[in-house]
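Examination of the molecular architecture
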Amino acid sequence: MEINQFADTSKDLYTQIKVVENLIKGDQLKEARKLLPTAEKACNNLESLMAEDNKIQRNIVNNRRLEITWIHDAIQQSMAKAKSKTARKPASKSK
């Protein structure tokens, strides 16, 4: 039963990560930022289901944590770029 629960939670987390990645690709950064904590919570749940001596499960959890970190960084960088673009709007030229 524990293996099935780990597999189901892992699949759910994978899906959540892909949804957030797609939102980032679509420049929907605010929505991606709102959904990221849900993925982080799912990752914590996955870690709690992990058997201590199972290296494969440990690698899965570690890889998902890395993905979440990369997504968080991508959101931060994209939002910083968006802010700098709006800050550098060229002044309109009057005739």
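In this text, all values refer to a predicted model and were calculated from it rather than measured experimentally. (Residues numbered from 1 in each chain as written. Predicted model: local features only at pLDDT ≥ 70, side-chain atom pairs only at ≥ 80, totals over all residues. Heavy atoms only, no water.)

1. Thoughts on the overall build of the chain
- A tally of regular secondary structure across the chain gives 3 helices and 0 strands.
- In the chain, the order of α-helices and β-strands from amino to carboxyl end is α-α-α.
- When each of the 95 residues of the chain is scored for burial, the buried share is 26%.
- If you take every contact in the chain between residues at least 6 apart in sequence, the share linking residues at least 24 apart comes to 64%. (Helix = DSSP H or I, 4+ residues; strand = E, 2+ residues; numbered from the N terminus. Buried < 20%, exposed > 50% of the residue type's maximum accessible area, 1.4 Å probe, protein only. Contact = heavy atoms within 4.5 Å.)

2. Focus: the nonpolar core
- Counting 19 residues, the largest nonpolar core has Leu-13, Ile-24, Ile-68, Ile-71 and Ile-75 as its most contacted members.
- Contributing elements (two or more residues each) for this core: helix H1 (2–25), helix H2 (29–49) and helix H3 (55–87).
- Counting residues per element, this core draws most heavily on H2, at 7 residues. (Core = buried A, V, L, I, M, F, W, Y, C linked by side-chain atoms within 4.5 Å.)

3. Considerations on a positive patch on the surface
- Taken together, the side chains of Lys-30, Arg-33, Lys-34 and Lys-83 make up a positively charged region of the molecular surface.
- At 3 residues, the largest contribution of residues to the positive patch is made by H2.
- Structurally, the position occupied by Arg-33 is in helix H2. (Patch = residues over 30% accessible without salt bridge, like charges linked within 9 Å, V, L, I, M, F, W, Y side chains within 5 Å. Areas by Shrake-Rupley, 256 points an atom, 1.4 Å probe, with all protein chains shown as cover. Salt bridge = Lys/Arg side-chain N within 4 Å of Asp/Glu carboxyl O. Lys, Arg positive; Asp, Glu negative; His and termini not counted. Charge placed at Lys NZ, Arg CZ, Asp CG, Glu CD.)

4. Description of H2
- Between its first and last C-alpha, H2 extends 30 Å over 21 residues, near the 30 Å set by a 1.5 Å rise per residue.
- Of all the bends in H2, the largest measures some 25 degrees and sits at Leu-35, one to four residues before the proline Pro-37.
- Taken residue by residue, H2 has Leu-29, Ala-32, Leu-36, Ala-39, Ala-42, Cys-43 and Leu-46 as its buried positions. (Expected span 1.5 Å × (residues − 1). Bend = angle between axes of the 7 residues up to and from the residue.)

5. Digging into unusual backbone geometry
- Notably, Asp-27 is not glycine yet its phi reads approximately 55 degrees, a positive angle.
- Looking at the element boundaries, Asp-27 is found in the loop between H1 and H2.
- Note on Asp-27: relative accessible area 63%, which makes it exposed.

6. Concerning the side chain of Gln-57
- When you line up the elements, Gln-57 lands in helix H3.
- Relative accessible area serves as the criterion here: at 9%, Gln-57 is assigned to the buried category.
- Engagement of the side chain of Gln-57 in a polar contact is seen with the backbone nitrogen of Ala-51, the distance being 2.7 Å.
- With near-sequence residues (within four places) excluded, Gln-57 lies in contact with Phe-6, Leu-49, Met-50 and Ala-51. (Polar contact = N/O pair within 3.5 Å; in protein donor to acceptor, adjacent residues only side chain to side chain.)

7. Overview of the confidence of the model for the chain
- On average, residues of the chain score 87 in pLDDT, and 86% of them reach the 70 mark or higher.
- Highest mean pLDDT in the chain belongs to H2 (93); lowest belongs to H3 (88). (pLDDT = per-residue confidence, 0-100.)

8. What about the environment of Cys-43?
- With respect to the helices, strands and loops of the structure, Cys-43 is situated in helix H2.
- Put simply, Cys-43 and Val-61 are 18 residues apart on the chain and 6.9 Å apart in space, counted from C-alpha to C-alpha.
- In contact with Cys-43, other than residues within four places in its own chain, are Leu-13, Val-61, Arg-64, Arg-65 and Ile-68.

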